[in-house]
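Given next are the chains, with one letter for each unit.
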Amino acid sequence: ILSYACYIVYDDKTETGTVSGTDVTYTYDKQLCSLRFDGKGTLKADKSYQKYATEAQTVYVSKGITAVGENAFKGFTKLKNVFLKDDVATVGQNAFENTAIENLTLPEGLKKVEKDAFKGVTTPISIVYYGTTQQWPKVSVEGTQTALKNAAVAVRKYLITFAVNGQSTVTEWKDRTVPFYDGR
């Protein structure tokens, strides 16, 4: 369940910009307090979007972006929901340091979470991982990452098929909680 506290009505509801020196653009929705990033390559820390650090509650990182760079969202004090899409393979050092993340969606292609990526995150994190239970232990997680180790991880590629009233077959995604693999 997502929560939004930005119910202020604005005439101009969005602001857009480009992350300096990259092929990444952003859109900030003032009413939803959400930042959406599109493009390709690494999403690096940049003052162009960091002006929303005390407002943004949700971040969407779209397909095409391959990494969330070092310090990208460091100090986004109201950030609760993060959705990382398909191509994100790396979460950089201190990327989400001192945020209030509660809900984190990780892509199947995630390969590495660098040291202190979630340093200072004290809220319990609920993680949805779009890979398999076999892929999850292969994600390289550097350092202690206390916030991740205390998280409940739901793996979304666990498929259940069942019959309804003996007539039709329904297939649905079923969350399966798996423990954080400690021997990374």
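1. Things to note about the nonpolar core
Now for step 1: Core analysis: the biggest nonpolar cluster contains 40 residues, and Leu-35, Phe-37, Tyr-49, Phe-73 and Phe-96 have the highest contact counts within it.
Now for step 2: Secondary structure elements with two or more residues in this core: strand 2 (23–29), strand 3 (34–43), strand 4 (58–61), strand 5 (65–68), strand 6 (81–84), strand 8 (103–106) and strand 10 (126–129).
Now for step 3: When neighbours within four sequence positions are excluded, Leu-35 is seen to be in contact with Tyr-26, Thr-27, Tyr-28, Tyr-49, Tyr-52, Ala-56, Thr-58, Val-59, Tyr-60 and Phe-76.

2. Some details on the pairing of strand 5
Now for step 1: By the bridge criterion, 3 bridges tie strand 3 to strand 5 in an arrangement that is parallel. Bridge pairing in strand 5 links Gly-41 to Ile-65.
Now for step 2: Two strands pair when backbone bridges link them, and strand 5 and strand 7 (residues 90–91) are joined in this way by 2 bridges, in the parallel orientation. The partner of Ala-67 across the bridge, within strand 7, is Thr-90.

3. Some details on the side chain of Thr-58
Now for step 1: With respect to the secondary-structure elements, Thr-58 resides in strand 4.
Now for step 2: Reaching out from Thr-58, the side chain makes a polar contact with the side chain of Asn-81 at a distance of 3.3 Å.

4. Details of the side chain of Asp-46
Now for step 1: Relative to the helices and strands, Asp-46 resides in the loop between strand 3 and helix 1 (47–50).
Now for step 2: Salt bridges are absent for the buried Asp-46, whose nearest opposite-charge side chain, Lys-44, sits at 5.5 Å.
Now for step 3: Looking at Asp-46, its side chain comes within polar contact range of the side chain of Ser-48, at 2.3 Å.
Now for step 4: Ignoring anything within four residues of it in the chain, the contact list for Asp-46 reads Thr-18, Val-19 and Ser-20.

5. Concerning the pattern of salt bridges
Now for step 1: Taken as a whole, this structure holds 4 salt bridges when the rule is applied.
Now for step 2: A salt bridge links Asp-38 to Arg-36; the shortest N-O distance between them is 3.2 Å.
Now for step 3: Judged by its relative accessible area of 24%, Asp-38 falls in the partly exposed class.
Now for step 4: We classify Arg-36 as partly exposed; its relative accessible area is 40%.
Now for step 5: Lys-74 serves as the salt-bridge partner of Glu-97, at 3.7 Å between the closest nitrogen and oxygen. Within this pair, whereas Glu-97 is found in the loop between strand 7 and strand 8, its partner Lys-74 is found in the loop between strand 5 and strand 6, the two being separated by 23 residues in sequence.

6. Quick word on the environment of Thr-122
Now for step 1: Positionally, Thr-122 belongs in the loop between strand 9 (112–113) and strand 10.
Now for step 2: In this structure, the C-alpha to C-alpha distance between Thr-122 and Thr-146, residues 24 residues apart in sequence, is 8.8 Å.

7. Points about the environment of Leu-84
Now for step 1: Looking at where Leu-84 falls in the secondary structure, it is placed in strand 6.
Now for step 2: Taking the C-alpha atoms as reference points, Leu-84 and Thr-66, 18 residues apart in sequence, are found 9.7 Å from one another.
Now for step 3: Residues within four places of Leu-84 in sequence aside, it is in contact with Val-61, Val-68, Val-91, Thr-105, Leu-106 and Pro-107.

8. So, unusual backbone geometry
Now for step 1: Positioned with a positive phi, Asn-71 is a non-glycine residue whose angle comes to about 65°.
Now for step 2: By the secondary structure assignment, Asn-71 is in the loop between strand 5 and strand 6.
Now for step 3: On the accessibility criterion, Asn-71 (24% relative accessible area) is partly exposed.
Now for step 4: With phi around 55°, Asn-98 is a residue other than glycine that occupies positive phi space.
Now for step 5: Turning to its location among the elements, Asn-98 is positioned in the loop between strand 7 and strand 8.
Now for step 6: Note on Asn-98: relative accessible area 38%, which makes it partly exposed.

9. Side note on the confidence of the model for the chain
Now for step 1: Scored by pLDDT, the chain has a mean of 80; 73% of the residues are at 70 or more.
Now for step 2: Mean pLDDT across the secondary structure elements of the chain bottoms out at strand 13 (residues 168–178), with 42, and peaks at strand 5, with 98.
Now for step 3: Segment residues 158–184: pLDDT under 50, and 49 contacts once partners within four positions in sequence are set aside and those in other chains are kept.

Rules behind the numbers
- Residues numbered from 1 in each chain as written.
- Predicted model: local features only at pLDDT ≥ 70, side-chain atom pairs only at ≥ 80, totals over all residues.
- Heavy atoms only, no water.
- Core = buried A, V, L, I, M, F, W, Y, C linked by side-chain atoms within 4.5 Å.
- Buried < 20%, exposed > 50% of the residue type's maximum accessible area, 1.4 Å probe, protein only.
- Helix = DSSP H or I, 4+ residues; strand = E, 2+ residues; numbered from the N terminus.
- Contact = heavy atoms within 4.5 Å.
- Pairing = 2+ DSSP bridges.
- Polar contact = N/O pair within 3.5 Å; in protein donor to acceptor, adjacent residues only side chain to side chain.
- Lys, Arg positive; Asp, Glu negative; His and termini not counted.
- Salt bridge = Lys/Arg side-chain N within 4 Å of Asp/Glu carboxyl O.
- pLDDT = per-residue confidence, 0-100.

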